[in-house]
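# Structural overview
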Amino acid sequence: MDKKDLQQFKEQLLDMKQAIISDVEQTLSEISTQSGNIPDPNDRATVESDRSFELRIRGRERKLMDKIDEALHRIEEGTYGICDGCGGEIGIKRLEARPVAELCIDCKTKQEQLEKAQGR
Ligand SMILES: [Zn+2]
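Please read these numbers as outputs of a predicted model, since none were measured by experiment.

## Details of the overall build of the protein chain
- For the protein chain, the helix and strand inventory stands at four helices and zero strands.
- The N-to-C order of helical and strand elements in the protein chain reads α-α-α-α.
- Within the protein chain, the proportion of its 120 residues that are buried is 22%.
- By sequence separation, contacts in the protein chain at least 24 residues apart represent 58% of the contacts at least 6 residues apart.
- Of the accessible surface of the protein chain, which amounts to about 8600 Å², a share of 50% is contributed by carbon and sulfur atoms.

The structure is reproduced here in structure tokens:
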């Protein structure tokens, strides 16, 4: 992978990060607006369940955010695009589809089969 590719993936990862941040900020401001003044207890229940839904989303975003940071770190270290499992190349095509990938498709498939076998 050359410098130009790396730069492109870096920008893509930073864009993804920015999208999550603005998404979370919007969610947070919506939550604080909603929970401000609700007279009807039934409405309040709806807001509460909406809120736990939002928090779940944020848990998933949080995980993706960690993955993005790890990928950016790998770019700095010069190990980006190298499979964490076998040390081979992950491949540009796979990284284009999933810039945070840390395993090549073979290792990923094996991992998924293993997780399935373990019932996770
Ligand atoms: Zn691999």
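Still to come is the rest of the account.
## Side note on the environment of Cys 104
- Looking at the secondary structure, you find Cys 104 in the loop between helix H3 (92–97) and helix H4 (105–117).
- We classify Cys 104 as buried; its relative accessible area is 9%.

## Considering the coordination of the zinc ion
- The coordination sphere of the zinc ion, as far as protein atoms go, consists of Cys 83 (SG), Cys 86 (SG), Cys 104 (SG) and Cys 107 (SG), spread over 2.2 to 2.4 Å.
- Taken together, the four donor atoms coordinating the zinc ion and their angles of 104 to 114 degrees define a geometry best described as tetrahedral.
- For the zinc ion, all donor residues lie on one chain, and their spacing in sequence is C-x2-C-x17-C-x2-C. Placement of the pair is Cys 86 in the loop between helix H2 (41–77) and H3 and Cys 104 in the loop between H3 and H4, with a sequence separation of 18 residues.

## Things to note about the pattern of salt bridges
- Applying the stated criterion across every chain yields a total of five salt bridges.
- Ionic pairing is found between Glu 76 and Lys 10, a salt bridge with its closest N-O pair at 3.2 Å. With Glu 76 in helix H2 and Lys 10 in helix H1 (residues 3–34), this pair connects stretches of sequence that are 66 residues apart.
- Under the relative-accessibility criterion, Glu 76 is labelled exposed at 57%.
- Across the salt bridge formed by Asp 66 and Arg 62, the nearest N and O atoms sit 3.2 Å from each other. One end of the pair is Asp 66 and the other is Arg 62, both in helix H2 and four residues apart, which spans about a single turn.
- Through salt bridges that share partners, Lys 67, Arg 74 and Glu 102 make up one connected network.

## Brief notes about the side chain of Arg 94
- Position of Arg 94 among the secondary structure elements: in helix H3.
- No salt bridge is formed by the buried Arg 94. Its closest oppositely charged neighbour is Glu 112, at 7.0 Å.
- Arg 94 has contacts with Ala 101, Leu 103, Cys 104, Ile 105 and Lys 108, leaving out every residue within four places of it along the chain.

## A short note on the environment of Glu 70
- On the secondary structure map, Glu 70 appears in helix H2.
- Look at Glu 70 and you get partly exposed, because its relative accessible area is 39%.
- Through-space distance from the C-alpha of Glu 70 to that of Tyr 80 is 9.4 Å; in sequence the pair is 10 residues apart.

Criteria and thresholds
Residues numbered from 1 in each chain as written. Predicted model: local features only at pLDDT ≥ 70, side-chain atom pairs only at ≥ 80, totals over all residues. Heavy atoms only, no water. Helix = DSSP H or I, 4+ residues; strand = E, 2+ residues; numbered from the N terminus. Buried < 20%, exposed > 50% of the residue type's maximum accessible area, 1.4 Å probe, protein only. Contact = heavy atoms within 4.5 Å. Areas by Shrake-Rupley, 256 points an atom, 1.4 Å probe, with all protein chains shown as cover. Donors = N, O, S within 2.8 Å, 3.2 Å for Na, K, Ca; no water. Tetrahedral: all angles 85-135°; square planar, octahedral: opposite > 155°, others 65-115°. Salt bridge = Lys/Arg side-chain N within 4 Å of Asp/Glu carboxyl O. Lys, Arg positive; Asp, Glu negative; His and termini not counted.

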